[in-house]
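Structural description and commentary
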Amino acid sequence: MDELNGKLIASQILITGLIARVANEQRDPLRFLTDFRDEIKAVVNGVNIAGMDNSDRVRAVAQKTIDELFSLMKPPSSD
């Protein structure tokens, strides 16, 4: 289980870095990140989760993970 958790954390870090890299190439990185986050949340809300007794809990964890990933990204410095 620890190996799986480690792989998931590594994947989250990789995805966060990729999103940040793309955002930095945009004219308005903060707006890009906000729009992207909103799109990802909309996808999570619309995904059909089959085979679970409590899909609301899975959806809530996914939403929390999205919030955590995007909270790691700070607005660009004023330098």
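Scroll up for the structure.
Everything quoted here is computed from the prediction, not taken from an experiment. Residue positions are given per chain, counted from 1 along the sequence in the order it is written. With the structure being a predicted model, the display of local features is reserved for residues of pLDDT at least 70 and the display and counting of side-chain atom pairs for 80 or more, all residues being used for whole-chain, interface and lining totals. Note that water and hydrogens are dropped before the side-chain values are worked out from all heavy atoms of the structure.

**Examining the overall build of the protein**
Rules: Runs of E in the DSSP output that reach at least two residues are strands. Runs of H or I that reach at least four are helices, and both are numbered from the N terminus. Contacts are assigned to residue pairs with any non-hydrogen atoms lying within 4.5 Å of each other. Only the protein chains shown count as cover for residues, and the accessible areas themselves come from Shrake-Rupley with a 1.4 Å probe.
Looking only at helices and strands, one finds 3 helices and 0 strands in the protein. Reading the protein from its N end, one meets helices and strands in the order α-α-α. Taking contacts inside the protein between residues at least 6 apart in sequence as the whole, the part at least 24 apart equals 46%. Accessible surface, the protein as shown: approximately 6500 Å² in total, 56% of it carbon and sulfur.

**As for the side chain of Arg 59**
Heads up, the rule is: By the criterion applied in these results, polar contacts are pairs of N or O atoms within 3.5 Å in which, for protein atoms, one can donate a hydrogen and the other can accept it, and in which residues neighboring in sequence qualify only through two side-chain atoms.
Note that Arg 59 resides in helix H3 (residues 55–71). Of the polar contacts made by the side chain of Arg 59, one reaches the backbone oxygen of Val 47; its length is 3.1 Å.

**Focus: the packing of aromatic side chains**
Each aromatic ring pair is described using two quantities: the centre-to-centre distance and the angle formed by the ring planes. Rules: Stacked, tilted and edge-to-face are the three classes applied to pairs of Phe, Tyr and Trp rings, where Trp contributes its six-membered ring and a pair requires centres within 6.5 Å; stacked means planes under 30 degrees apart, edge-to-face means over 60, and tilted covers the rest. The classification of residues rests on relative accessible area computed with a 1.4 Å probe and restricted to protein chains. Under 20% of the type maximum is buried, over 50% is exposed, and intermediate values are partly exposed.
For the structure shown, the criterion picks out 2 aromatic pairs. Arranged with centres 5.9 Å apart and planes meeting at 15°, the rings of Phe 32 and Phe 36 form a pair that is stacked. Of this pair, Phe 32 and Phe 36 both sit in helix H2 (residues 29–46), separated by 4 residues, roughly a single helical turn. Taking 6.1 Å as the distance between ring centres and 50° as the angle between the ring planes, the aromatic pair formed by Phe 36 and Phe 70 counts as tilted. One end of the pair, Phe 36, is in helix H2; the other, Phe 70, is in helix H3, with 34 residues separating them in the sequence. The class of Phe 36 is partly exposed, set by a relative accessible area of 25%. The buried category is assigned to Phe 70, whose relative accessible area is 12%. Taken together, the ring pairs connect Phe 32, Phe 36 and Phe 70 into an aromatic cluster.

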